[in-house]
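Here are the chains, one letter per residue:
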Amino acid sequence: LKYRHYKLKQEPCTNAVIFFVMDVSGSMTQDKKFLARSFCFLMYQFLRSKYEQIEIVFITHDTEAKEVDEESFFTRGASGGTIASSGVELVQEVIEKRFHPSSWNIYIFQCSDGDNYTSDNYKFVEKVSELKEVVQLYGYCEIDPDRKGYGANYPDFNTLYSVLQSSVDEKLKISYIFQKEDVWQAFTHILGAADK
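A. Molecular detail of the overall build of the protein. Scanning the protein for helices and strands turns up six helices and six strands. Reading the protein from its N terminus to its C terminus gives the helix and strand order β-α-β-β-α-α-β-α-β-α-β-α. Taking all 196 residues of the protein together, the buried fraction comes to 48%. Contacts in the protein between residues at least 24 apart in sequence constitute 74% of all its contacts with a sequence separation of at least 6.

B. Structural view of the side chain of K33. Along the chain, the position of K33 falls in helix α1 (residues 30-48). For the buried residue K33, which engages in no salt bridge, the nearest side chain bearing the opposite charge is D23, 8.4 Å off. Setting aside chain neighbours within four positions, we find K33 in contact with M22, V24, M28, F74, T75, R76 and G77.

C. View of helix α6 (residues 181-191). Of all the positions in α6, only D182, V183, A186, F187, H189 and I190 are classed as buried. Considering only its buried residues, α6 is in contact with α1, β4 (105-112), β5 (137-143) and β6 (172-177).

D. Focus on the packing of α1 against α6. Put simply, α1 and α6 touch, their axes get as near as 10 Å, and they point 45° apart. Taken together, the axes of α1 and α6 are oblique relative to one another. Crossing of α1 over α6 shows right-handed handedness. Note on element contacts: α6 touches α1 through V183, W184, A186, F187, I190 and L191, opposite L35, S38, F39, L42, M43 and F46.

E. Quick look at the sheet that holds strand β1 (residues 15-23). Ordered by their spatial adjacency, six strands build an open sheet running β3-β2-β1-β4-β5-β6, and the pairing between neighbours is mixed. The open sheet terminates on both sides in strands that have one partner only, identified here as β3 (65-68) and β6. Averaged over neighbouring strand pairs, the angle between their axes works out to 20° when direction is ignored. In terms of strand pairing, strand β2 (residues 53-61) meets β3 through four bridges, oriented antiparallel. Paired with I59 across the two strands is E67, which belongs to β3.

About the criteria used
Residues numbered from 1 in each chain as written. Predicted model: local features only at pLDDT ≥ 70, side-chain atom pairs only at ≥ 80, totals over all residues. Heavy atoms only, no water. Helix = DSSP H or I, 4+ residues; strand = E, 2+ residues; numbered from the N terminus. Buried < 20%, exposed > 50% of the residue type's maximum accessible area, 1.4 Å probe, protein only. Contact = heavy atoms within 4.5 Å. Lys, Arg positive; Asp, Glu negative; His and termini not counted. Salt bridge = Lys/Arg side-chain N within 4 Å of Asp/Glu carboxyl O. Axes fitted to C-alpha atoms, helices over the stretch in contact; angles between N-to-C directions. Parallel < 35°, antiparallel > 145°, perpendicular 65-115°, else oblique. Left-handed = near helix turned anticlockwise from the far one by under 90°. Pairing = 2+ DSSP bridges.

So, in structure tokens, the structure goes:
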């Protein structure tokens, strides 16, 4: 007699989705978008080398969020204010519909100049905390060439960077970029173990 046994073997998930989320409100100038694009390019190239299949989702927001193509992501302009939680909420919706965490490694990288309606700050932090439960990494990068030179004093500003500081852990990394020389530093910091 021969008995055939089937043994289930678990294999690591080789699929990844990267969400690039960017503030496109009136205060996000072309200079800031250039720095954001440089940062996003580095992240994409790094993660592409780690996974067999990579999907990219581009989301822009001012007071409302939209899923867009790559060209619109880096060139679209808008006016008015910022409701940062709108971008995070749209990420949640897309994950629920298309990228279940059991089948996908999920990475989110958000770029903004940090301006947000104060009334939205609590909701933004709450939504980011919810996403931390299902992602491999949430990286927030604050881009503001106008504040170049503030260095270690930067967190004293009332920006999204400062409201996220208390939530930083191994799944949420935050950094800032004032000039193109900071892009590599932000990249290594968000992917590294040490907090800034």
